[in-house]
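Results of the structural survey
Residue-level listing of the chains:
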Amino acid sequence: MGNENEQILENEQVLTDAEPRTTYSLDDLFYDETEDANNTDSNKEEVSSDDIDNDVKTGSIPVYVPQYDYQKEFVDKIDSFVEEAWDPQTHGLTLPWDKMDKALNGLQVGLHIIAGESNHGKSALLSCIEVGLINSNPDSVYILSHSLDDTFQDKLARMAAIMSDSTINFIKTPLRSNITQDINDPWYLKWQSAILKVKKASAMLNIKDSTEGGEVETIIERAKETKKMLEELAASTGIRRQLVLTIDSFHDLTSKNTSIMKDENIRWEYLAKTLSDASDALKIPIICTGELIKNGQNRPNIQDIRGASKLRFKAKSILLVYNEVSAKNEGASIYYTLNGQNDKRPVLEVHYAKNKFSPFKGRHYFMFQPEKVRLIMATDESERKYNSKIYG
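Residues numbered from 1 in each chain as written. Predicted model: local features only at pLDDT ≥ 70, side-chain atom pairs only at ≥ 80, totals over all residues. Heavy atoms only, no water.

1. With respect to the pattern of salt bridges
Applying the stated rule across the entire model yields 18 salt bridges. Measuring nitrogen to oxygen at the nearest pair gives 2.8 Å for the salt bridge that ties E349 to R299. With E349 in strand 10 (residues 345-355) and R299 in the loop between strand 7 (285-290) and helix 10 (308-314), the pair connects residues that are 50 residues apart, well separated along the chain. A relative accessible area of 24% means that R299 is categorised as partly exposed. Each of R299, E324, K328, E349 and R363 takes part in salt bridges that share partners, so that together they form one network. (Salt bridge = Lys/Arg side-chain N within 4 Å of Asp/Glu carboxyl O. Helix = DSSP H or I, 4+ residues; strand = E, 2+ residues; numbered from the N terminus. Buried < 20%, exposed > 50% of the residue type's maximum accessible area, 1.4 Å probe, protein only.)

2. As for unusual backbone geometry
Of note, the bond from D248 into S249 is cis; its omega dihedral lies within 30 degrees of zero at 15 degrees. Located in the positive-phi region is N105, a residue other than glycine, with phi close to 60 degrees. Note that N105 resides in the loop between helix 3 (98-103) and strand 3 (110-115). You can call N105 partly exposed: its relative accessible area is 44%.

3. Focus: helix 12 (residues 380-391)
Between its first and last C-alpha, helix 12 extends 16 Å over 12 residues, near the 16 Å set by a 1.5 Å rise per residue. Of the residues making up helix 12, those classed as buried are S382, E383, K385 and Y386. The buried residues of helix 12 occupy an angular sector of 165 degrees when projected down its axis, which confines them to one face. Structural note: helix 12 exposes R384 and Y391 on the side pointing more than 90 degrees away from its buried face. Two residues or fewer after helix 12 comes G392, characterised by a positive phi angle close to 85 degrees. (Expected span 1.5 Å × (residues − 1). Arc of directions from axis to C-beta.)

4. Section: the packing of helix 8 (residues 216-237) against helix 9 (residues 264-282)
The relative placement of two packed helices is expressed as an angle between their axes plus a distance between the axes. Running from N to C, helix 8 and helix 9 cross one another at 10 degrees; their axes reach a closest spacing of 11 Å. Classified by the angle their axes make, helix 8 and helix 9 are roughly parallel. Where helix 8 abuts helix 9, its residues V216, E217, I220, A223, K224 and K227 lie against Y270, L271, T274, L275, A278 and L282. (Axes fitted to C-alpha atoms, helices over the stretch in contact; angles between N-to-C directions. Parallel < 35°, antiparallel > 145°, perpendicular 65-115°, else oblique. Contact = heavy atoms within 4.5 Å.)

Below is the structure:
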């Protein structure tokens, strides 16, 4: 028999946002990418003849030969840039939500920070991104996930819950769900299916926790070994996988250099520089969650991140998460409700506080089901309503 907490939202159930109340089917809550189909992207506008060099003709791209020896070094570097620019892996990995994918131009090489208060949803967002990357890029991604804030068991349960649309408790403590290890029990089969999904994902995912080393040097060395393994795999099979390094959380990282750990400012600067340098050297995206300095119930800004002065310059993107239901409980004005229920359910706000990949610096909103680690992107209409509540 299934756990009472294992309530699977069916499509006929609806979600409503804060006043003015609007109903949605779950399908309606997903971003409709056809909205953008008729909007011409800025990089797809019509090409003028003035934009094309006289030496570049249709059907023929000239080979440039340096006129002088002193040009060669620079031209060789330009040629390397050209080769890298047209490498499919520089396209960026596809992120799980169209709006986020467009805002960040896919997941690109660089240091990315997801920062927020405890219990607001930053780890949930990271986990959903990890699973989304696997689902969206099954033949081209490998995620080396480091859970320094939670145990391996906690992280595994979270990932299995996302993959199977189950609650975390159902995955982590099945005996409390009143199910038996009976192959005829559908709930037991659901549980086994959830675990099998994670096992199948092991071709694209590995999870480590702090018991396997939380020093930044250890993690970077592991990333180097993993990248080498992936390169050997590509040579033998032709399957090229982009390594993505994730760390939950940046502020739980330590160093083998004990003197660095004695001064917080030196520590954050060293960790931020080490990760940024590793991202550039290995040509991999690195995503870290981060902690905030307590700022009461206010929405965070970049200065609220611990060690902000170090991270803000090294990170290519900084996403600030905020959950008003977690911060203010029944006093929250940004929330949604389940049809027929009055409890305020959390909306996860994601503010693109720093974004070097596109001009977008706004907010996205997700209907958040913490028990299932489920995030549903709000519709454009809901975003406008939530923005009006925040900005007036």
